[in-house]
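Chains, contacts and geometry: an overview
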There are 2 protein chains.
Amino acid sequence: MSSTSRMNEQSAMADSARIITYPGLVGVLGGMGPLATVDFMQKMLEATPATRDQEHVPSLVSSIPQIPDRTQAFQGKGESPLPALLACAKRLEAAGAGVIVIPCNTAHLWFDDIQANVGIPMLHIVDATLKEASTPGNDVSRIGLLATEATVASGLYVNRASSASNAKAIEWVLPTDIETQEWVSPGIAAVKAGKLTEGRELLTRAAQALHQRGARAVVLGCTEIPVVLNDQNSPIPTIDATAALARSAVDWSRNARSR
Amino acid sequence: MSSTSRMNEQSAMADSARIITYPGLVGVLGGMGPLATVDFMQKMLEATPATRDQEHVPSLVSSIPQIPDRTQAFQGKGESPLPALLACAKRLEAAGAGVIVIPCNTAHLWFDDIQANVGIPMLHIVDATLKEASTPGNDVSRIGLLATEATVASGLYVNRASSASNAKAIEWVLPTDIETQEWVSPGIAAVKAGKLTEGRELLTRAAQALHQRGARAVVLGCTEIPVVLNDQNSPIPTIDATAALARSAVDWSRNARSR
């Protein structure tokens, strides 16, 4: 197919191309880490009933692993990720996204700051997760939380759950400091470094500890964790925050496209 | 974290955020199909030596499964995907991508048309694949090709290989019409529909047929195929076009960032 012979036709096409928009375009503010973003995209596909390409959800994914570390920033040990998060969010909005989701729990510490600066709605990962934890028939009220130090210490899950009027009362089982230092943080770092077997072993020990202290289910509240831990290999049932956000995003897109 | 109390600080941050750019930003023109795009992103991660998030390649991924079917268009049975491909490419360019890659072999029938309309370079999946097929020590010259009807019929691989001055002579083993109708096309469709086991069985039969006619290795020349077929389960060694393009994109990004 020669390009030179069809330049005029193409120029006309290029002009028309600029106005093509896709209703229900999901903007994914990702890269934190990049493997978690791929896991999120995979889970959006799994959440979509589709028999051919065209039935799948359109998405625009900003995977920028260079966004400064969220836990380091929360602990005052590194620069704020907010300028980079805002830049990515604004790029997604400018490119036509109708909603923004962030497949990184800790980055939700800056959720309100981002939402205040973009003109499109955002879906909150904790809301999506609590909604699934509160489904009828799920009578578990004592729930463990596996997450980064910053997500646990900030009360991201605990505070949002207690302020949500429609959520049932949850009795949280949180990792102790020593569990965080020895298992949770190194487990998350291992996943980020691609050492999946090592990460799975460390995080399984942490889940076992929460189980022994009475947790009947565990929220996988850092997007690196469900990359290696799931209902098949976890000692207790899991509530996968990544999958919950993916289902929430797919629902939003399907609703937007049916309007 | 309250948003209202920090609105002024945020406005300043929002202004500064607009100028944040990422050298080596890979633009991925994807969604054809969406599972193949996720596979491509996974392979970019695997091709990157990294121990923490920030060492990974930044990317911007347009995953638009609504782009019209490429094989149907080539056969004159459906609308051209070119306007949609151009729209996606221009969005990636406008959002700051420094290069564009397309994890869909058949879409490369419009590669020259897209390249003529954007101001950034593009990496061609066939070039990346042939480069890996021609590595020193790889003395295979009789190579099978598993690909869509349009990719095979258009000569996308065969013509580009014979016109590449530095490529060794390849003796291609192509699927027969009946192999395409019974195994290759239904196998690709099964992957697109999420029926991975069925897809793997059909495509394995096709690879066996090429092997029996003398192929010593097989190019997986449709990005749905390596989702289910690989060196571990294929009857003959595979040359994975998706992985080759991913490695090519990672090399480009690392070079761009080290400049």
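Just above sits the structure.
An account of the accompanying structure is given in this report. For clarity, every value in this text was computed on a predicted model and none was experimentally measured. (Residues numbered from 1 in each chain as written. Chains lettered and ligands numbered in written order. Predicted model: local features only at pLDDT ≥ 70, side-chain atom pairs only at ≥ 80, totals over all residues. Heavy atoms only, no water.)

We now examine the packing of helix α2 (residues 34-46) of chain A against helix α11 (residues 241-258) of chain A. Residue and element names in this part refer to chain A. Running from N to C, α2 and α11 point in directions that differ by 50°, and their axes come no closer than 8 Å. With respect to each other, α2 and α11 are oriented oblique. The chirality of how α2 crosses α11 is right-handed. Within the contact between the two elements, α2 uses Asp39, Phe40, Lys43 and Met44 and α11 uses Thr242, Ala243, Leu245, Ala246, Ala249 and Val250. Residues belonging to the contact of α2 with α11 are distributed by class as follows: 7 nonpolar, 1 polar and 2 charged. (Axes fitted to C-alpha atoms, helices over the stretch in contact; angles between N-to-C directions. Helix = DSSP H or I, 4+ residues; strand = E, 2+ residues; numbered from the N terminus. Parallel < 35°, antiparallel > 145°, perpendicular 65-115°, else oblique. Left-handed = near helix turned anticlockwise from the far one by under 90°. Contact = heavy atoms within 4.5 Å. Nonpolar A, V, L, I, M, F, W, Y, C, P; charged D, E, K, R; others polar.)

This part takes up the pattern of salt bridges. Summed over all chains, the structure comprises 20 salt bridges over all chains. Glu132 of chain A serves as the salt-bridge partner of Arg247 of chain A, at 2.7 Å between the closest nitrogen and oxygen. Placement of the pair is Arg247 of chain A in helix α11 and Glu132 of chain A in helix α6 (residues 125-133), with a sequence separation of 115 residues. Judged by its relative accessible area of 37%, Arg247 of chain A falls in the partly exposed class. Glu132 of chain A sits in the partly exposed class, given a relative accessible area of 24%. One salt-bridge network, held together by shared partners, links Asp53 of chain A together with Arg70, Lys192 and Glu224 of chain B. (Salt bridge = Lys/Arg side-chain N within 4 Å of Asp/Glu carboxyl O. Buried < 20%, exposed > 50% of the residue type's maximum accessible area, 1.4 Å probe, protein only.)

This paragraph deals with the relation of the copies chain A and chain B. With an axial shift of 0.0 Å and an RMSD of 0.0 Å, the rotation relating chain A to chain B amounts to 180°. Taken together, these values place the two copies in the relation of a two-fold axis. Relative to the rotation axis, the C-alpha of Val61 of chain A is the closest in chain A, positioned 2.4 Å from it. The overlap is high: 98% of the interface residues of chain A also sit at the interface in chain B, so the same surface is used on both sides. (Least-squares fit on C-alpha atoms with pLDDT ≥ 70 in both.)

Let's shift gears to the nonpolar core. Judged by nonpolar contacts, the single largest core of 162 residues is most densely connected at Leu29 of chain A together with Leu29 of chain B. Ignoring anything within four residues of it in the chain, the contact list for Leu29 of chain A reads Ser62, Ile67, Leu85, Cys88, Ala89, Leu92, Ile100, Val101, Ile102, Pro103 and Ile114 of chain A. (Core = buried A, V, L, I, M, F, W, Y, C linked by side-chain atoms within 4.5 Å.)

To continue, consider helix α4 (residues 82-94) of chain B. Residue and element names in this part refer to chain B. Taking 1.5 Å of rise per residue, 13 residues should cover 18 Å, and α4 covers 18 Å from first to last C-alpha, within 8% of that figure. Buried residues dominate α4, accounting for 10 of its 13 residues. When we look at burial in α4, the residues that qualify are Leu82, Pro83, Ala84, Leu85, Leu86, Ala87, Cys88, Ala89, Lys90 and Leu92. Phi for Gly96, located one or two positions after α4, is positive at around 105°. (Expected span 1.5 Å × (residues − 1).)

We now examine the sheet that holds strand β4 (residues 122-123) of chain B. Taken together, 8 strands build an open sheet; the order of strands is β4(A)-β3(A)-β1(A)-β2(A)-β2(B)-β1(B)-β3(B)-β4(B) and the sheet is mixed. Looking along the sheet, the strands with just one partner apiece sit at the ends: β4 (122-123) of chain A together with β4 of chain B. Both strand β2 (residues 59-63) of chain A and strand β2 (residues 59-63) of chain B contribute to a ladder of 5 bridges, which runs antiparallel. Within the sheet, the bridge partner assigned to Leu60 of chain A lies in β2 of chain B and is Ser62 of chain B. The sheet contacts of α4 of chain B involve β1 (26-30), β2 and β3 (99-101) of chain B, and relative to β1 of chain B the element is tilted by about 160°. (Pairing = 2+ DSSP bridges.)

Once that is clear, we can look at the side chain of Ser63 of chain B. Summarising the element assignment, Ser63 of chain B is placed in strand β2. Ignoring sequence-local partners within four residues, the contact set of Ser63 of chain B consists of Val57, Pro58 and Ser59 of chain A together with Gly30, Gly31, Pro34 and Thr37 of chain B.

Residues and elements named next belong to chain A. Evaluated as defined, the whole model comprises 2 aromatic pairs over all chains. For the pair Tyr157 and Trp172, a centre-to-centre distance of 6.1 Å together with 70° between the ring planes defines the contact as edge-to-face. Of this pair, Tyr157 sits in helix α8 (residues 156-163) while Trp172 is found in strand β6 (residues 171-173), placing the two residues 15 residues apart along the sequence. Considered together, Tyr157 and Trp172 belong to a single accessibility category, that of buried residues. Its end group placed over the ring of Phe111, Arg160 keeps NZ or CZ at 6.0 Å from the ring centre. (Phe/Tyr/Trp six-rings, centres within 6.5 Å; stacked < 30°, edge-to-face > 60°. Lys NZ or Arg CZ within 6 Å of the ring centre and 35° of its normal.)

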